[in-house]
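Okay, here's what each chain looks like letter by letter:
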Amino acid sequence: PRLIPKNPENGADPVSPFPIFTWGKFSEIATYELKLCEDLALSVNCQDVTTTETSTSLNNPLASRIYYWRVKAIKIGEPDQFIESDISSFTVQSP
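The written sequence of each chain sets the order in which its residues are numbered from 1. Since the coordinates come from a predicted model, pLDDT governs what is reported: local features require at least 70, and pairs of side-chain atoms require 80 or more to be given and counted, while whole-chain, interface and lining totals use all residues. For side-chain calculations, the full set of non-hydrogen atoms in the structure is used, while hydrogens and water are omitted.

Draft legend 1. Structural detail: the environment of Gln 81. Within the element layout of this structure, Gln 81 appears in strand β8 (residues 78–84). When accessible area is computed with a 1.4 Å probe and restricted to protein chains, residues below 20% of their type maximum are described as buried, those above 50% as exposed, and intermediate ones as partly exposed. Judged by its relative accessible area of 39%, Gln 81 is partly exposed. Residues in contact with Gln 81, not counting those within four places in the same chain, are Ala 73, Ile 74 and Lys 75. Numbering goes from the N terminus for both helices and strands, where a helix is a DSSP run of H or I of at least four residues and a strand is a run of E of at least two. By the convention used here, residues are in contact when the closest approach between their heavy atoms is within 4.5 Å.

Draft legend 2. Quick peek at the pairing of strand β3 (residues 20–23). Only one face of β3 is buried: it carries Phe 21 and Trp 23, and the other face, with Ile 20 and Thr 22, is open. In this structure, strand β1 (residues 5–7) lies alongside β3, joined through two bridges in antiparallel fashion. Pairing of Pro 5 across the sheet is with Trp 23, part of β3. Looking at chain direction, β3 and strand β6 (residues 55–57) are connected through three bridges and run antiparallel. By the bridge assignment, Thr 22 is partnered in β6 with Ser 55. Whether two strands pair comes down to DSSP finding at least two bridges between them.

Draft legend 3. Here's a closer look at the pattern of salt bridges. The rule for a salt bridge is simple: a side-chain nitrogen of Lys or Arg has to be within 4 Å of a carboxyl oxygen of Asp or Glu. This model, assessed by the stated rule, comprises five salt bridges. Lys 35 is the partner of Asp 48 in a salt bridge, and the nearest nitrogen-oxygen pair spans 3.2 Å. Remark: Lys 35 occurs in strand β4 (residues 29–37) and Asp 48 occurs in strand β5 (residues 47–51); sequence separation between them is 13 residues. Look at Asp 48 and you get exposed, because its relative accessible area is 54%. For Glu 38, the salt bridge is made with Arg 65, and the minimal N-O distance between the two is 3.6 Å. Here Arg 65 lies in strand β7 (residues 65–75) and Glu 38 lies in the loop between β4 and β5, a separation of 27 residues in the sequence. The exposure class assigned to Arg 65 is partly exposed, which follows from its relative accessible area of 32%. Overlapping salt bridges bring together Arg 70, Lys 72 and Glu 84 as one network.

Draft legend 4. Up close: the confidence of the model for the protein. Residue-level confidence of the predictor is summarised by pLDDT, bounded by 0 at the bottom and 100 at the top. A residue-level look at the protein finds 99% of positions with pLDDT of 70 or above and a mean pLDDT of 94. Mean pLDDT values over the elements of the protein span from 92, in β8, up to 98, in strand β9 (residues 88–92).

Draft legend 5. Representation of the nonpolar core within the structure. Only buried residues count toward a nonpolar core. Its members are Ala, Val, Leu, Ile, Met, Phe, Trp, Tyr and Cys residues joined through side-chain atoms within 4.5 Å. Judged by nonpolar contacts, the single largest core of 19 residues is most densely connected at Phe 21, Trp 23, Tyr 32, Leu 36, Leu 62, Trp 69 and Phe 90. Elements with a minimum of two residues in this core: β2 (12–15), β3, β4, β7 and β9. In this structure, Leu 36 is in contact with Phe 21, Asn 45, Cys 46, Gln 47, Leu 58, Leu 62, Tyr 67, Tyr 68, Trp 69 and Phe 90, ignoring residues within four places of it in sequence.

Draft legend 6. Quick peek at the packing of aromatic side chains. Centres within 6.5 Å are what make two rings of Phe, Tyr or Trp a pair, Trp counting through its six-membered ring; a difference in plane orientation under 30 degrees is then read as stacked, over 60 as edge-to-face, and the rest as tilted. All told, the structure shown has four aromatic pairs when counted by the stated rule. With a centroid separation of 5.1 Å and 65° between ring planes, the pair formed by Phe 21 and Trp 69 is classed as edge-to-face. Of the two residues, Phe 21 sits in strand β3 while Trp 69 sits in strand β7, which places them 48 residues apart along the sequence. Ring geometry for Trp 23 versus Tyr 32: centroids 5.7 Å apart, planes at 50°, classification tilted. By relative accessible area, Tyr 32 is classed as buried at 3%. Aromatic rings pair up to connect Phe 21, Tyr 67, Trp 69 and Phe 90 into one cluster. Charge over a ring is defined by NZ of Lys or CZ of Arg lying within 6 Å of the ring centre and within 35 degrees of the ring normal. A cation sits over an aromatic face here: Arg 65 above Tyr 67, 6.0 Å from the ring centre. Lys 72 extends its terminal NZ or CZ atom over the ring of Phe 82, reaching a point 4.4 Å from the ring centre.

Okay, structure coming up:
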């Protein structure tokens, strides 16, 4: 099975500084972990959000630039069992 990031869509431009991140649902999943970074390697200025829902948002607005994100679905009772989405990107434009 594949975990599909839905919103923001890969390559989306422009995106609001307050995006709502959504992805597909899997059964038997305890948590989802969103990783949002400023580089494709997912290592620069990253924000991590953990949720039990299939959507989340951030508390602060994003600056104008390209962002990269991925979501990981972690199985109930088995933290070493997970599914990761492909990395998607989007661009935030200042108003």
